[in-house]
Amino acid sequence: MSKVNWNFYTKNGFEPLINVNGTMTGIGASRAVPQAVAATAEIMPHFVNMHELQAKASKVIAAATGAEAGFIAASASAGISMAVAGCITGLNVGHVEQLPQTSEKNKVAVQMGHLCNYGASIEQAVRLTGAEVSIVGQSTQTLDHQLQAALDDHVVAAIYVVSHHVVEYGQMPLKRFCEICHNSNVPVIVDAASEYDLQIFLAQGADIVIYSGHKFLGGPTSGIVAGKRDLIKAAYIQNLGIARGMKIGKESIFGAMAALTAWASRDHAAIRQQEQAALSLWAKACHGFKGIDTNIQADVTHNPLDRLKITVDSAKANASPAAIAHALGQFEPQILVRDHEVELGYIQLDPCNLADGHAEIVASALKQVLQKAAKSQLQEPDTNLMRNAGIQSYLNWNSD
Ligand SMILES: *Cc1c(COP(=O)(O)O)cnc(C)c1O
């Protein structure tokens, strides 16, 4: 675990914050690993042929994922748009230049329960190419016949999302999804932006898989696009068209390559142990407070990552989970917790982005906030304001 440099915040006038939420775009995604920091700095003063750089990235991606080929995009979201666009145009550069105008063969099949929002909607990442989403099944059910029926002659690709953002049950398993799509010659694009396993989705039949470079990998902002050589090339040439506005720089490509390489030699067991120690510390801090229960919660998509779930019985704790999350957010330094399921009666603490000393600060803040709650001193936030806070933060930006 590296040390956090609080001086960075004072020197530059930023509000200090501690992230126990997860890898969130709104606060800069993740703390980059030293190898990625060094690589981005190393390449900055030099010219380099970008095709040569991306061909080297392809080799690094192939080694990490088992794919035939790959390239680095500006983000996972950019990778999704580029992959879809590639499935529409193939290697026809004339068609690349025409997007978002397409022929009628422009539909992308997605299970209804996978139509998520990761800061923007995945449907829009598809529509950006000129394609239309063809919704398969209902929110909590996709059956074989529903996917089979959706795969008509107008479908160019199907997208499968692996994420805590999607509906947790009733969805078709990836392997079956790929079998049915391949029977109709439809390629499968997997959005695995936040998943740790770099090989399993291709192994289960995916034609393209997409990861974020700036989440668990700790790279610079980037997206890793890996898969079948012809589909990857078709996605790559979208740089001549709609992906021009999603341009990635040499520093992010080189940094993402370094992050991928570092991932292979990271001491995952040691990191897991540090994370477990943080969870124990926080559970201890919650101990003895009325109406507060803790337990260790495994990640829903089976990433090797546990979180502390703090369940709040509002009547006994004299505060709602939303009030506790809000109070931690007001702390100095600000402590950002996982609060997107507060209406279910709990908050979660995610240990995957901690620096040295963070865990102790969070434990002490938790104790102070729960003591305040016990004395009925916590204010209940307006939960409608909280739900819409992400949108409001954009609208409020830079106004005085
Ligand atoms: C984070 C995320 C994205 C977006 O990733 P970026 O690299 O930030 O564009 C897309 N899909 C899912 C499921 C995500 O979790």
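Just so it is clear, the structure is predicted and the values come from calculations on it, not from any experiment.

What counts and what doesn't
Residues numbered from 1 in each chain as written. Predicted model: local features only at pLDDT ≥ 70, side-chain atom pairs only at ≥ 80, totals over all residues. Heavy atoms only, no water. Core = buried A, V, L, I, M, F, W, Y, C linked by side-chain atoms within 4.5 Å. Buried < 20%, exposed > 50% of the residue type's maximum accessible area, 1.4 Å probe, protein only. Helix = DSSP H or I, 4+ residues; strand = E, 2+ residues; numbered from the N terminus. Contact = heavy atoms within 4.5 Å. Pairing = 2+ DSSP bridges. Axes fitted to C-alpha atoms, helices over the stretch in contact; angles between N-to-C directions. Expected span 1.5 Å × (residues − 1). Arc of directions from axis to C-beta. Near = heavy atom within 4 Å. Polar contact = N/O pair within 3.5 Å; in protein donor to acceptor, adjacent residues only side chain to side chain. Areas by Shrake-Rupley, 256 points an atom, 1.4 Å probe, with all protein chains shown as cover. Nonpolar A, V, L, I, M, F, W, Y, C, P; charged D, E, K, R; others polar. Domains from an automatic or database assignment. Buried area = accessible area lost by both parts, 1.4 Å probe. Salt bridge = Lys/Arg side-chain N within 4 Å of Asp/Glu carboxyl O.

### Comments concerning the nonpolar core
Ranked by internal contacts, the top residues of the largest apolar core, which has 87 residues, are Ile159, Ile189 and Val190. Of all the elements, helix H4 (residues 76-89) adds the most residues to this core, at nine residues. Counting residues in hydrophobic clusters, the runner-up holds 36 residues, among them Ile18, Cys286, Ala323 and Leu354.

### Topic: the side chain of Asn21
By the element assignment, Asn21 lies in the loop between strand E1 (17-20) and helix H2 (34-43). Discounting chain neighbours no more than four positions away, the residues touching Asn21 are Leu336, Val337, Arg338 and Asp350.

### With respect to the sheet that holds strand E4 (residues 132-136)
What the seven strands build is an open sheet, ordered E2-E8-E7-E6-E5-E3-E4; its pairing is mixed. Strands with a single pairing partner mark the edges of an open sheet, and in this sheet they are strand E2 (69-73) and E4. On average, each strand axis in the sheet is inclined to that of its neighbour by 25 degrees, with strand direction left out of account. Sheet topology note: the strand E3 (residues 107-111)/E4 ladder contains five bridges and is parallel. Paired with Gln111 across the bridge in E4 is Val136. Its contacts with the sheet put H4 on E2, E3, strand E5 (155-161), strand E6 (188-191), strand E7 (208-212) and strand E8 (223-227), and the angle it makes with E7 is roughly 160 degrees. Packing of helix H10 (residues 229-236) onto the sheet brings it into contact with E2, E7 and E8, and relative to E2 it is tilted by some 25 degrees.

### Considering helix H15 (residues 358-374)
When the terminal C-alpha atoms of H15 are compared, their 24 Å separation across 17 residues agrees well with the 24 Å that a helix rising 1.5 Å per residue should span. Every buried residue of H15 is listed here: His358, Ala359, Val362, Ala363, Ala365, Leu366, Val369, Leu370 and Ala373. The buried residues of H15 all sit within an arc of 170 degrees when viewed along its axis, so they share a single face. Immediately beyond the C-terminal end of H15, within one or two residues, lies Ser376, with a positive phi of roughly 55 degrees.

### Description of the site of the ligand
If you check the shell around the ligand, you find 13 residues, and the closest are Ala76, Ser77, Asp191, Ser212 and Lys215. Within the contact set of the ligand, an oxygen atom lies 2.9 Å away from a backbone nitrogen or oxygen of Ser77. In this structure, an oxygen atom belonging to the ligand sits 2.6 Å away from a side-chain N or O atom of Ser212. In isolation the ligand has 380 Å² of accessible area, and contact with the protein removes 93% of it. Considering only residue class, the shell around the ligand consists of four nonpolar, seven polar and two charged.

### A word on the domain arrangement of the protein chain
Taken as a whole, the protein chain is organised into domain 1 (7-28 + 267-394) and domain 2 (34-265). For domain 1 and domain 2, the distance between their C-alpha centroids amounts to 31 Å. Contact residues are listed per partner, giving eleven residues for domain 1 and eleven residues for domain 2. Summed over both sides, the interface between domain 1 and domain 2 buries roughly 940 Å², with carbon and sulfur atoms accounting for 52% of that surface. Ranking the residues of domain 1 by area buried against domain 2 places Thr23, His268 and Asn303 at the top, with a combined share of 43%. Applying the counting rule to domain 1 against domain 2 returns zero salt bridges. For the pair domain 1 and domain 2, the interface holds five residue pairs in polar contact (both at pLDDT 80 or more).

### Considering the pattern of salt bridges
Following the criterion strictly, the structure yields ten salt bridges and no others. The partner of Arg127 in a salt bridge is Glu123, and the shortest N-O contact between them spans 3.5 Å. Of this pair, Arg127 and Glu123 both sit in helix H6 (residues 122-127), separated by four residues, roughly a single helical turn. Here Arg176 and Asp144 are joined by a salt bridge, their closest N and O atoms 2.7 Å apart.

### Digging into the sheet that holds strand E12 (residues 346-349)
As summarised here, the arrangement of the three strands in space is E9-E10-E12, forming an open sheet in which the pairing is antiparallel. The two strands at the open ends of the sheet, each matched to only one other strand, are strand E9 (292-298) and E12. The mean inter-strand angle of the sheet, taken between neighbouring strand axes irrespective of direction, is 25 degrees. Here E9 pairs with strand E10 (residues 306-312) via seven bridges, running antiparallel. Following the sheet pairing, Asn295 is matched in E10 by Lys309. The strands that helix H12 (residues 268-286) touches are E9, E10 and E12; relative to E10, the one it contacts most, it runs at about 15 degrees. Contacting E9, E10 and E12, helix H14 (residues 321-330) runs over the sheet at an angle of about 35 degrees to E12.

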